[in-house]
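Close look at the chain arrangement
Each chain, letter by letter, is given below.
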Number of protein chains: 2
Amino acid sequence: MTDHRSHQLKARRLGIDTHSEAAIFMHKNCPVCRSEGFSSLNRILVSARSRSIIATLYQIEGDMLACDEAGLSDSAWARLDLKDGDLVRARYAPTVESLAHVRGRVYGHALDQDALNQIIPDIVAGRYSPVEISAFITACAALPLSLAETAALTSAMVAAGERLHWNSAVVVDKHSVGGLPGNRTTPIIVAIMASLGFTMPKTSSRAITSPAGTADTMETLAPVELDSTAIRRVVEREGGCVVWGGAVNLSPADDVLIRVERALDIDSEGQMVASVLSKKIAAGATHLVLDMPVGPTAKVRSTDAAIALSRNLADTAALFGLKVRVLTGDGRQPIGRGMGPALEARDVLAVLKNDPHAPQDLRIRALELAGALLELSGRAPEGAGAGLAASALDDGRAWTKFQKICEAQGGMREPPRSRYRKVIEAVADGLVMQIDNRRIARLAKLAGAPFDKAAGAEMHVRLGDRVVRGTPLCTLHAETPGELAYALNYQDANPDIIRIAEQ
Amino acid sequence: MTDHRSHQLKARRLGIDTHSEAAIFMHKNCPVCRSEGFSSLNRILVSARSRSIIATLYQIEGDMLACDEAGLSDSAWARLDLKDGDLVRARYAPTVESLAHVRGRVYGHALDQDALNQIIPDIVAGRYSPVEISAFITACAALPLSLAETAALTSAMVAAGERLHWNSAVVVDKHSVGGLPGNRTTPIIVAIMASLGFTMPKTSSRAITSPAGTADTMETLAPVELDSTAIRRVVEREGGCVVWGGAVNLSPADDVLIRVERALDIDSEGQMVASVLSKKIAAGATHLVLDMPVGPTAKVRSTDAAIALSRNLADTAALFGLKVRVLTGDGRQPIGRGMGPALEARDVLAVLKNDPHAPQDLRIRALELAGALLELSGRAPEGAGAGLAASALDDGRAWTKFQKICEAQGGMREPPRSRYRKVIEAVADGLVMQIDNRRIARLAKLAGAPFDKAAGAEMHVRLGDRVVRGTPLCTLHAETPGELAYALNYQDANPDIIRIAEQ
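What comes next is a walk through the structure. Computed from a prediction, not measured in an experiment: that's the story for all the values here. (Residues numbered from 1 in each chain as written. Chains lettered and ligands numbered in written order. Predicted model: local features only at pLDDT ≥ 70, side-chain atom pairs only at ≥ 80, totals over all residues. Heavy atoms only, no water.)

**Digging into the environment of Ile53(A)**
Residue and element names in this part refer to chain A. Rule in force here: To qualify as a helix, a DSSP run of H or I must reach at least 4 residues; to qualify as a strand, a run of E must reach at least 2; elements of each kind are numbered from the N terminus. Contacts are assigned to residue pairs with any non-hydrogen atoms lying within 4.5 Å of each other.
In this structure, Ile53 sits in strand 5 (residues 51-60). Along the sequence, Ile53 and Ala125 sit 72 residues apart, while their C-alpha atoms lie 7.7 Å from each other. In this view, Ile53 contacts Ala22, Ile44, Leu45, Val46, Ala76, Arg79 and Leu80; residues no more than four positions away in its chain are not counted.

Below is the structure:
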C-alpha cells in the first residue's frame, strides 16, 4: 500500500516545535485522508525515500495547507531528513508490537528483559504516542517495578543509546536528584577531582523546569555543545569536562520518559533509579556520588523516602558494578546565592577563586560531595575526603584546572550581567523562617531565566537571618523591563515566598 | 497577572481539528512566550473576555504566525467563542487540583464520590491533557475500580452532563457492547417497542473505529441531529426515536475517556461499566438490555469475561434503580449482510418490511433483544417476549411505526447506492471456516465507509457455507475508483479475511 503513488503528498515544514513527538498535518479533504479514512489524532506511518516514522495526525480545514501537501513538525522533519517539496507517503501506522507488553504490565504481568528491549527502542524511535508513554509510566508507578524490572529497564535504556568508554579503571561521576535551586556544585567538583588526577567526564542537562541546568550555567563560562569526539579530547587532556549531555546520545529514552513524568508529576521510583543510573552507566562511570537534598519543597521530601530511594539506587547500581554513595542534605532553602545561569556561574567562580565573599554553603556542599567521591574511590580514608578536596580548592589547583577545562572546551568567557535589576526588601522586622524553593525558582524563571542567561534571582538572606524593614531579601535580574515587571507582579501576588516571622 | 495588558495576542483560527483537546499556537519569540518562559507542550490558561480554557502550547518558528498572534485549534476556538481578531491572554495554567486525586489513585488510594465529582467535570471542561487522562485510565485498569468506585464514577459522569426525564414509568433502552460489524438491530428494536406502546428514546453514536455507527446508518433513512427539544417532540408523538447522541450532552465525559481508551486499547472493566450505564441513566432509561457478542475477534472474547462483565453491569445498575439484562450472542461473524451506513440501512429495511430475502440472523437477533426488553419490563412472561416482538414485526406494525418515526425526525429518505462495485470471489472450493470481524470492517472502511454513506462491504456467505471457485464471497462498494482500488489492495494483501477450508 505504501507504493500507492497516487497517495504521495508534498512535504512542507511548518516550523512547529512538538519536542520529540512527531506530528503531521493534512487537509481533511486530501486524497490520502479520504481514501485511508484517517481522522485527527490517528497514528500515521509517514515515509519518505528510505526513512519512515510514526506521527500523530492533525487534520486541517481552510487554506493553511493545500490538499496535496503534508505539513510536518520540526521533529518529524528532522527524523525524515526532508527537504521542502520532498514527497511523503502516509498510511495507518502498523501495530507497535511492544505495546502488548505495556498492556500486559497494566494488567499486572512483570516485564522481562526481552519485553523492555522492545519497548525502550520503540520509545526512542518515537513509535509511542505521549498517551502510550503515559500508560507505561503510570503502570510502573501503580504497580511498582521490582528490582529485577528496574535492572532490566536500566540495561535496556543503556543499550538504546551511545556508550562511552575510558582508559582508566576509575571514572567518577556525580548526580543531583534535584529540586533545589542554585545547587551548582558540579563544576566545582569536576575541577577538584580532575585537579587530583581523576577522570570525570561530566555530561549535564539544560533546565527543563528549573531556572538553570548545569549545562546552562556552564555555557556562560565555556562552550558546552561538544560531540563525543570533542569530549574525549577534552577529558584525555584535562581529566574532566562539564558539557551538555544532549550532544551525546546517552540513554535517549530517559529524555522522552522524563518529559512525560514531569508533565504528570508522577514519580515511579524504579523509573527514577533507571533514569539516573542508565545515564551514568552509559557515560562509563564506575564510582558515583548522589546529592539528595531532603526538604518539604525539595524533590525528596522525607528522610524515609531518601533512605528507600538510596537503597534502591545502590542495589540496582551494584548489579552493574557501579559503586554508589548517596549524600542527603538540607533541602529547605536554595544553595548559593544565584538562581539563573550567569548568577549561578558567579557563585561557582567565587568558590573556585576562594573569594572571601563566596557562598559558604555552596563551597561546603561541593567539598562534601567531592570528599565522598575521594572516599568511595579509595583515594582518601573515611572522613578524610572533604579535607583532601578542600586542599585542592584552597591552594588554587582546582581553579587552575577549571580554567584549563574551559579552554579545552573552546575558551573561557565572562558570564553576562543583567541590564535591569530590582531589590526586594523586607517589609517588616523579624526572622527569615521559610523559603519556598519552588516559588523562588518560578520567580527567577519569570524574570527570564534560563532563556536570558543573565536573568534570575539573587538571594541576600538565609534561613534564621534576622532582618529589619528595608533589609534586601533578594535581587531580581532581567534583560527587559517587561520581564522584570512580570516577576515583580508574581512577587506582589506571593509576598510569602520568603517568609519573615515578625517579633 | 491575567490583566497584564501587554500580554494580549490577536486570536487566529487555524482550522486545526484536535478533537476535544484544545491547542494554542504561538510564535517562539512572541512577548508572551518570552516573558512567561513558555515552552512547547506547556499547559496554558487562555482567556478571552469572560471565558477561559486550558490548552496545550505548540511553539512556532517562521512565518506561519506573527509575534502578536495566537493560533487556536477548532475546539479551543469554539470553547472560547472567539471571532477573528479577538484578543486573548495566556499564562501558565493553574494547578488542576483534582489531579492530586488521580495521583493518589496511581499510588493506590481509592477514589470517593467527592474526588470523582472533581475529576470528571475537569475532564469535561478540557482541563486534563490526553497524557493526564491516560494516567487516570491506566491507574483504573492497573488497580481495578471497586464496585463503590464504579458506582461513584457512573454517578459523577451522569452529573457532568444533561439528563433527560420522561413522563412514563417504564423507559426502555438497548446497548451493544460492540465489536461486531453490521450488528444494526437498534432501529428494528425501537420500531417494535414503540409500536407496542413503549417509550424508547434511543440516542446512538457515530462510528469511531467501525464502518458505521447506528447514527450513521439511521442518517441514511432520516435526519438524526436533533436537540433535546426535538427529541422530546418526536418521542412524545411516536414513543421512540433513533438519533445521534452528540447533539444532546449526555455523559460528555464518556466521549473524552473513550477516545483515549481506544487509542490505548486498554479496557478498564469499571470504566466500561460506567461508560455504558452513565449514558443510559442520563437518557432516563429504567430497563436496559445489553447485546454482548462473544467471539475471538469481538470485543468480549470469552464466556467467562462476558459473565464477569454482566455481573458488574447488573450490580452497578441496580444501585441506580436500573434493571439490566445481558444477552450474549455469537460474535464469530458479522450480523446482517451490509457493513457501511447505507448497506446496513438496507438490511434494516428488509427486516422491517418482512422481505423474504431479509438477513435472518439480523431479524432473529433483533427479536431476541426486543423480547428480552418485553420480559424485563413485565409485558411478556419469560420465554414469550420474542414471540410478542415477532407479531409486531410480522403484522407490519413495526414497519408502520418506523416510517412514522422517520417522518417525525424530519422525513424518511432512501439510502444512497454506491457508484463503484467489485465482487470478491472464492478462489477454491471449500467451506467458509472463519470470518475476521476486524479486518472485514477495515476493508469496508478502506472502501470509504462511514465517510461515504453508500460505501462499504456486503457479505454473501456465512460460516459453514459451502462454496466453489468463483462463488461471490462479498461485494465492495465505493464512491471513487481510488477507494475501491485501495480496498482491493488490502484484500489482495489479506486473502484470508474470509477463510475457506479446501476439501
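**A few points about the packing of aromatic side chains**
Heads up, the rule is: Any two rings among Phe, Tyr and Trp, with Trp reduced to its six-membered ring, count as a pair given centres within 6.5 Å; such a pair is stacked if its planes are under 30 degrees apart, edge-to-face if over 60, and tilted if neither. We call a residue buried when its accessible area falls under 20% of the maximum for its residue type, exposed when it is over 50%, and partly exposed in between, using a 1.4 Å probe and counting protein chains only.
As enumerated under the stated definition, the model contains five aromatic pairs over all chains in all. Taking 5.4 Å as the distance between ring centres and 25° as the angle between the ring planes, the aromatic pair formed by Phe25(A) and Tyr58(A) counts as stacked. Residue Phe25(A) is found in strand 3 (residues 23-27), and its partner Tyr58(A) is found in strand 5; the two are separated by 33 residues along the sequence. Note on accessibility: Phe25(A) and Tyr58(A) belong to one class, buried. Plain terms: the ring middles of Tyr58(A) and Tyr58(B) are 6.5 Å apart, the flat faces sit at 65° to each other, and that makes the pair edge-to-face.

**Some words on the side chain of His477(A)**
Residues and elements named next belong to chain A. Tracing the chain through its elements places His477 in strand 18 (residues 472-478). Its relative accessible area of 5% is what places His477 among the buried residues. What His477 contacts, discounting residues up to four positions off in sequence, is Leu343, Ser418, Tyr420, Arg421, Ala447, Ala454, Ala455, Gly456 and Glu458.

**Things to note about the sheet that holds strand 12 (residues 323-330) of chain B**
Residue and element names in this part refer to chain B. The criterion, for reference: Two strands pair under a simple rule: DSSP has to find at least two bridges between them. Axis lines are fitted through C-alpha atoms, for helices just across the contact stretch, and the angle between N-to-C directions can take any value from 0 to 180 degrees.
With parallel pairing, three strands are arranged side by side in an open sheet as 8-11-12. Taken across any chain shown, the strands that pair with only one partner, and hence form the sheet edges, are strand 8 (172-176) and strand 12. Direction aside, the axes of adjacent strands within the sheet are offset by 20° on average. Bridge count for strand 11 (residues 287-294) against strand 12 is eight bridges, and the pairing is parallel. Paired with Val289 across the two strands is Arg325, which belongs to strand 12. Sheet strands in contact with helix 12 (residues 303-318) are strand 11 and strand 12, and its direction is about 165° off that of strand 11.

**Concerning the interface of chain A and chain B**
Threshold: As used here, buried area is the combined drop in accessible area, with a 1.4 Å probe, of two parts when they are placed together. One side-chain nitrogen of Lys or Arg within 4 Å of one carboxyl oxygen of Asp or Glu is enough to make a salt bridge. We call two N or O atoms a polar contact when they sit within 3.5 Å, provided that within protein one can donate a hydrogen and the other can accept it, with sequence-adjacent residues counted only if both atoms are side-chain atoms. Any residue outside Ala, Val, Leu, Ile, Met, Phe, Trp, Tyr, Cys, Pro, Asp, Glu, Lys and Arg is labelled polar, Gly included; the first ten of those are nonpolar and the last four are charged.
Counting residues at the interface gives 53 residues for chain A, matched by 53 residues for chain B. Across the chain A/chain B interface, buried area totals approximately 4900 Å², and carbon plus sulfur atoms make up 59% of it. Its salt-bridge partner being Asp17(B), residue Lys28(A) comes within 3.1 Å of it at the nearest N-O pair. Between chain A and chain B we count 18 residue pairs in polar contact (both at pLDDT 80 or more) in total. With nine residues, helix 5 (residues 130-142) of chain A is the largest single contributor of residues to the side of chain A that touches chain B. Partitioning the side of chain A that touches chain B into residue classes produces 26 nonpolar, 12 polar and 15 charged. Here strand 2 (residues 16-17) of chain A runs beside strand 5 (residues 51-60) of chain B; their pairing, made up of two bridges, is antiparallel. Bridge pairing in strand 5 of chain B places Ile16(A) opposite Ile60(B).

**Let's talk about the pairing of strand 8 (residues 172-176) of chain A**
Residues and elements named next belong to chain A. Judged by how many residues are buried, strand 8 sits mostly within the fold: four of five residues are covered. Relative to strand 11 (residues 287-294), strand 8 runs parallel, the two being bridged by five bridges. Residue His175 lies in a different strand from strand 11, and its bridge partner there is Leu290.

**Quick notes on the relation of the copies chain A and chain B**
Put simply, the rule is: Copies are brought into register by a least-squares superposition over C-alpha atoms of residues with pLDDT of at least 70 in both.
Least-squares fitting of chain A to chain B yields an RMSD of 0.1 Å, with the superposition described by an axial translation of 0.0 Å and a rotation of 180°. Such values leave the two copies arranged in the relation of a two-fold axis. Within chain A, Val131(A) has its C-alpha nearest the rotation axis, a separation of 2.4 Å.

**With respect to helix 14 (residues 360-376) of chain A**
Residue and element names in this part refer to chain A. Heads up, the condition is: Here the expected span of a helix is defined as 1.5 Å times the quantity of residues minus one.
Here helix 14 contains 17 residues, and its C-alpha end-to-end distance of 24 Å stays within 8% of the 24 Å for a straight helix at 1.5 Å per residue. Buried residues dominate helix 14, accounting for 14 of its 17 residues. Just past helix 14, the residue Gly378 takes up positive phi, approximately 85°.

**What to know about the sheet that holds strand 16 (residues 456-459) of chain A**
All names here are of chain A. Read from one edge to the other, the open sheet built from four strands follows the order 13-16-18-14, with strand pairing classed as antiparallel. Since the sheet does not close on itself, it has two edges, and those belong to strand 13 (338-339) and strand 14 (420-425), each with one partner. As defined by bridge partners, strand 13 adjoins strand 16 across two bridges and the pair is classed as antiparallel. Bridge pairing in strand 16 places Gly338 opposite Glu458.

**Regarding helix 4 (residues 113-124) of chain B**
Residue and element names in this part refer to chain B. Formally: Directions drawn from the helix axis to the C-beta atoms are what define this arc.
Look at helix 4: 16 Å from first C-alpha to last across 12 residues, which is about the 16 Å you get at 1.5 Å a residue. Turning to helix 4, its buried residues number three or more, namely Ala115, Leu116, Ile119, Ile120, Asp122 and Ile123. End-on view of helix 4: buried residues confined to an arc of 160°, all on one side of the axis. Two residues or fewer after helix 4 comes Gly126, characterised by a positive phi angle close to 75°.

**Quick word on the packing of helix 6 (residues 147-159) of chain A against helix 11 (residues 269-282) of chain A**
Residues and elements named next belong to chain A. This is how the line gets drawn: Any angle between 65 and 115 degrees counts as roughly perpendicular, while under 35 counts as roughly parallel, over 145 as roughly antiparallel, and the rest as oblique. For a crossing to be left-handed, the near helix must be turned anticlockwise from the far one by less than a right angle; the clockwise case is right-handed.
Where helix 6 contacts helix 11, the two axes come as close as 8 Å, and the packing angle between them is 40°. As judged from the angle between their axes, helix 6 and helix 11 are oblique. Helix-helix and strand crossings are classified by hand; for helix 6 and helix 11 the assignment is right-handed. Contacts between helix 6 and helix 11 involve Thr150, Leu153, Thr154, Met157 and Val158 on the former and, on the latter, Gly270, Gln271, Val273, Ala274, Ser275, Leu277, Ser278, Ile281 and Ala282. Looking at the contact of helix 6 with helix 11 residue by residue, the classes come out as eight nonpolar, six polar and no charged.

**Examining unusual backbone geometry**
Going from Ala449(A) to Pro450(A), the amide bond is cis rather than trans, its omega being 0°. By the secondary structure assignment, Pro450(A) is in the loop between helix 17 (437-446) and strand 16. Positive phi, normally seen in glycine, also occurs at Arg49(B), with a value near 45°. Note that Arg49(B) resides in the loop between strand 4 (43-48) and strand 5. In the Ramachandran plot, Ser251(B) falls in the positive-phi region, its phi being about 45° despite a non-glycine side chain.

**A look at the pattern of salt bridges**
Pairing between side chains of opposite charge can happen when their charged atoms approach one another. Residue and element names in this part refer to chain A. This model, assessed by the stated rule, comprises 56 salt bridges over all chains. Close ionic contact of Asp216 with Arg206 constitutes a salt bridge, the shortest N to O distance being 3.2 Å. Taken together, the residues span a long stretch of sequence, with Asp216 in helix 8 (residues 214-219) and Arg206 in the loop between strand 9 (200-204) and helix 8 at a distance of 10 residues. With a closest N to O distance of 3.6 Å, Arg237 and Glu238 form a salt bridge. What makes Glu238 buried here is its relative accessible area of 10%. The network of salt bridges with common partners includes Arg206, Asp216, Glu219, Glu225 and Lys453.

**Regarding the state of the cysteines**
Basically, it comes down to this: Cysteine sulfur atoms that pair up within 2.5 Å are treated as a disulfide.
Summed over all chains, the structure comprises zero disulfides over all chains. Here Cys30(B) is not cross-linked by a disulfide; its sulfur's nearest cysteine counterpart is in Cys33(B), at 3.5 Å. The buried category is assigned to Cys30(B), whose relative accessible area is 0%. Take Cys140(B): it sits in no disulfide, and the sulfur closest to it among the cysteines is that of Cys140(A), at 17 Å. Exposure remark for Cys140(B): the relative accessible area of 1% places this residue in the buried category.

**What to know about the side chain of Thr138(A)**
Mapped onto the elements, Thr138(A) comes out in helix 5. In this structure the side chain of Thr138(A) is engaged in a polar contact, spanning 2.7 Å, whose partner is the backbone oxygen of Ser134(A).

**So, the environment of Arg105(B)**
All names here are of chain B. You can see Arg105 is positioned in helix 3 (residues 99-106). Taking the relative accessible area as the measure of exposure, Arg105 reaches 4% and is therefore buried. The sequence separation of Arg105 and Asp17 amounts to 88 residues, and the corresponding C-alpha distance is 31 Å. When sequence neighbours within four positions are dropped, the list of residues in contact with Arg105 reads Ala110, Leu111, Ala139, Cys140, Leu143, Pro144, Leu145 and Glu149.

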